[in-house]
Structure formats: C-alpha cells, structure tokens
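In case you want the letters, here they are:
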Amino acid sequence: MEAVKPAVTPSKSRWVRTLSKVLHLHTAAAGIVPDDGVQKVKPKETEEWNDSKTAKRLSQKFDRLHDDEELERKVASEVLVAKIFATVSAIKAGYAQLQHSQSPYDAEGIQAADRLIISYLKKLSELKQCFLKKQYDPSPERSMILAEIQEQKSISKTFEVMGKKLESQLKLKESEIIFLREKLDECNKQNKLLDKRLNQSGQLSVLDNLHLSGLNPSHFITVLRQTVKSVRSFVRLMIDEMKSADWDINAAASSIERGVVYWKADDKCYAFESFICREMFKGFHLPYFSLLGNSASEGKKLPQVFFERFKELKSVNVKEYLAKKPKSAFAKFCRTKYLQVIHPKMESSFFGNLSIRDTVSSHQFPDTAFVTLFAEMAKRVWLLHCLAFAFEPEASIFQISKGCRFSEVYTESVSEEAFLSSDITTESEPRVSFTVVPGFRIGKTVIQCQVYLSQLKNKVTS
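Residues numbered from 1 in each chain as written. Predicted model: local features only at pLDDT ≥ 70, side-chain atom pairs only at ≥ 80, totals over all residues. Heavy atoms only, no water.

(A) Up close: the packing of aromatic side chains. This structure, assessed with the given rule, holds 26 aromatic pairs. Measuring from ring centre to ring centre gives 6.3 Å for F220 and F391, while their planes differ by 75°; the resulting arrangement is edge-to-face. You can see F220 sitting in helix 6 (residues 217–244) and its partner F391 sitting in the loop between helix 14 (369–388) and strand 3 (396–398), a full 171 residues away along the chain. For F220, a relative accessible area of 0% translates into the label buried. The cationic tip of R441 hangs over the ring face of F398; the distance from NZ or CZ to the ring centre is 5.3 Å. (Phe/Tyr/Trp six-rings, centres within 6.5 Å; stacked < 30°, edge-to-face > 60°. Helix = DSSP H or I, 4+ residues; strand = E, 2+ residues; numbered from the N terminus. Buried < 20%, exposed > 50% of the residue type's maximum accessible area, 1.4 Å probe, protein only. Lys NZ or Arg CZ within 6 Å of the ring centre and 35° of its normal.)

(B) Seen up close, the sheet that holds strand 5 (residues 431–437). Ordered by their spatial adjacency, three strands build an open sheet running 4-8-5, and the pairing between neighbours is mixed. Two strands in the sheet have a free side with no partner beyond their single neighbour: strand 4 (411–413) and strand 5. In this sheet, adjacent strand axes meet at a mean angle of 45° when their direction is disregarded. Two elements, strand 5 and strand 8 (residues 449–454), share five bridges in a ladder whose sense is antiparallel. Residue pairing for strand 8: F434 is matched across the bridge by Y452. On top of the sheet, helix 8 (residues 269–280) reaches strand 5 and strand 8; it is set at about 55° to strand 5, its chief contact. (Pairing = 2+ DSSP bridges. Axes fitted to C-alpha atoms, helices over the stretch in contact; angles between N-to-C directions. Contact = heavy atoms within 4.5 Å.)

(C) Representation of the pattern of salt bridges. Counted under the stated rule, the structure contains six salt bridges. In this structure, the salt-bridge partner of D367 is K319, at a minimum N-O distance of 3.1 Å. Here K319 lies in helix 10 (residues 318–324) and D367 lies in the loop between helix 13 (355–361) and helix 14, a separation of 48 residues in the sequence. Classification of D367 by relative accessible area gives exposed; the value is 63%. Residue K319 is classed as partly exposed on the basis of its relative accessible area of 32%. (Salt bridge = Lys/Arg side-chain N within 4 Å of Asp/Glu carboxyl O.)

(D) Up close: the pairing of strand 8. The element strand 8 is extensively covered by neighbouring structure, given that six of its six residues are classed as buried. Pairing analysis gives three bridges linking strand 4 to strand 8, with the strands arranged parallel. Bridge pairing links T411 to C449 in strand 8.

(E) Seen up close, the confidence of the model for the protein chain. The predicted model of the protein chain averages 80 in pLDDT, with 76% of residues at 70 or higher. Here strand 1 (residues 3–4) stands out as the element of the protein chain with the lowest mean pLDDT, 42, in contrast to strand 6 (residues 439–442), whose mean of 96 is the highest. Across residues 1–12, confidence stays below pLDDT 50; counting only partners more than four residues off in sequence or on other chains, it has 20 contacts. Ignoring residues within four places in sequence, the model shows residues 457–462, a span with pLDDT below 50, making ten contacts including any to other chains. (pLDDT = per-residue confidence, 0-100.)

(F) Region of the structure containing a nonpolar patch on the surface. A grouping of I145, L146 and I149 is seen on the molecular surface, where their side chains present a nonpolar patch of about 260 Å² in accessible area. With respect to the secondary-structure elements, I149 resides in helix 5 (residues 140–200). (Patch = residues over 30% accessible without salt bridge, like charges linked within 9 Å, V, L, I, M, F, W, Y side chains within 5 Å. Areas by Shrake-Rupley, 256 points an atom, 1.4 Å probe, with all protein chains shown as cover.)

Structure, rendered in structure tokens:
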C-alpha cells in the first residue's frame, strides 16, 4: 500500500464514528497504523469488517453491564430480606421477654422489652422506606453476615426466654405436686385414723347400752359383719405381702382349695379368706376355743361371764390390752392363732426372718402393721365367740360340704357370676366348692354361711 496523507474514509457511518471517538478507538477502527509519521489506508472491505467487529464487542460489553446491574439488584434484595427476618426475629424475642416479665410481674423487664420492640419496629419501617426508595446497602456481603448473626442471636434469645418460662412452670408444677402429696398424706392419715376407729369399734358402738336380757340374734349379726370385714382386711394385707414376696398367687390358692374353677381371677382371694376363717373359727363351738382345757370351771362357762368378757374387750385398744394382760385368755387365743395361721416359711418370706414369731411366742406382740391387723381380727373373732356363748342355748356354728347344692336357707353366694351364666341347667347348676365364712344357728334363727359356687363340668380353669 502507498503512503498517503491522513484522511477519513467517506463510507464510514456517523454512528461508527461517534462510538469510535468515545472509546478512543478511531485509529484502530480505521485500520491505520502510524509508521514513521505516515498513515496507511486499508481497503474498503477491511474497514467494513472492522466496523462490524467493533459493534459486536460493544454489544457484549453492554450485555455484561446489564447482567452486573441485575446481580447487584438481586444481592441487594437478599440483603434486605435478611435484615427483615433478623428484625422480625428480634421483635419476636422482645415479645417473648415481655410475656415472661408479666408472670411473675417485673416492671423493669416489661419496660426494657417494650423499648426493644419499639426500636425494632422503627427499624422495620426504615427498611420499608429503603425498599421503596431503592436505597441499597453499599456493602451487601458484610450486611448479609451481620443480619444472619442478629437473627441467630434473636432466635437464641427467644429459646432462652422460653426455657426460663418452662423452668418457672416446672417449679410451679413441682410445688403443686409437693402440695398434693402433703394433702394426700394428710388424707391417708385421716383415712387410717377413721379405719382404725372403725376397726376398733365400728358398728359395735350401738351395743354400748346392751344388756344380757335384751340380747338377740340381730346383735350377733352386727358383730359377725364386723368380724368378716376385719378378716377381709387382713386377707388383703396378706395377699399384698405375698405379691411383694413374689409368691405365685394361683399356686397358693390351689394349695388351699384344690380343683376349684373360679369365675374370675380375682375370686381366688376367697380361697385365702376361707383358709383364714377356717383356722380362726376352729374350736369356736368349744368354750374359750378349748384353750383353757380342764382348768376352766363351770362358773366361767356361764352366759353372764361370757357377756361380761364381751363388754370388757369390745371398746378397748387391742394392743394396749395385750400389753397389759399378756397371759389372759384372749392373749393366749391371739398367740395360738397367729402361730397356727402364719406358717414359719410364710413369715420368713414376708419379713426375712422369724423375729415376730419368736416375739409372739414369748408372750409379746410387736407393734407392726401386720401383727396389729391380725390382733384386730382375732379380737373380732373372740368377741363373736363370747357373744355366741352369751346366748342360752349358745349359738352353734356350721359349714357346707364341697359339692352340695345351693340352698337359700343355709347358704349365701359370695360371687354373683354363679347365677348369671346363660348355660345353667338343672344338671349343670353351680355347686358349693368351699365355705368362705361359716354359718350360725341361734335358736330358730339361721345365719347363712357364705360359700363359693362353681360349675365344675362346664368351666375351664383360669
């Protein structure tokens, strides 16, 4: 190419020239390179190719600028949202603190929480204005991190306040539990006191003004009911001790009454009640249970004597009586029956030793719940015995043999299920399995004995 004076190519468009001036690219776009102060002119085709290339580069640069602006707006929006969440979390923490300060009432805590909530509400309003005016944060990365830290702190504060609230509720519940336990203990003490009074006197107080001339079978029935109740109280305690000692209740019941089919599993308690009654009432038909032997004179067997013994023991505390008169007829009866009813293996499994047995054998009665309840039961049986011999002729005792048919005159069923079965027929009607409480006959009056009925042919042993 020949060297010529600098000149402007007439074919360039005004738009290209303007862009070339702005970007200081007019020399490169013209394709003229200085050489010893002389410019070279390129052909027209080369100039057009250079114009197209320049336009393409400019378009790419404008696109990049647009993308950068979009990214900046996105980052600014994320920062704004992070600040909003952090502020809302702070308001929530302040509200939690406000609630916690109300119960128990804390005036300073309420005022501090109130100021905190107001300050963050103002900040939330400021964020709204920034969004509307498009005032973005100049350092978004730092603001994003600070907003996340503030949000986590507010969440931690909220959980801390909730934890304190739960601790307060826990202390309140513990106080309620302590109060209710104390109330329960008080109720239990009152119940034990009432039960003790009932066991000591019960309905026998109606016999305070009783005279031998006015004695009738209804008085005997009253004492019998109290005796049965006392027997059942001791049986419940004995079964509880068996369970605590890991006894097999089913095996124990089967050893007392074999081959019995029970209507319910709980009915096995009647077997233990039958055993206690059988042992406690053994010798009931003999004066003083034949404990005095031939030493008992005929004068001691008079109805008046038995009635006086009944009145003497009726209202006294059994433990005090046994302590004052350890060698009396009743003390001997109580001691003998305890040694008969409570087997050494039973006592050893209940209490781990035979110390109670040794103490009772030495004419003393330890102050334990087990012995006290047994003594109360023995007292009721002894009172019933004395009252039976206060009649003239004396009351007699009887029981029903196993396998006998039910008789409404002589027997009373302790289980109602025996008459509720739909498949009962004449051939399969319930029969007596064993006597639970013996019956009595006073003159022409018959007091039914309590029996357990079972349908041996049709029922399956549980």
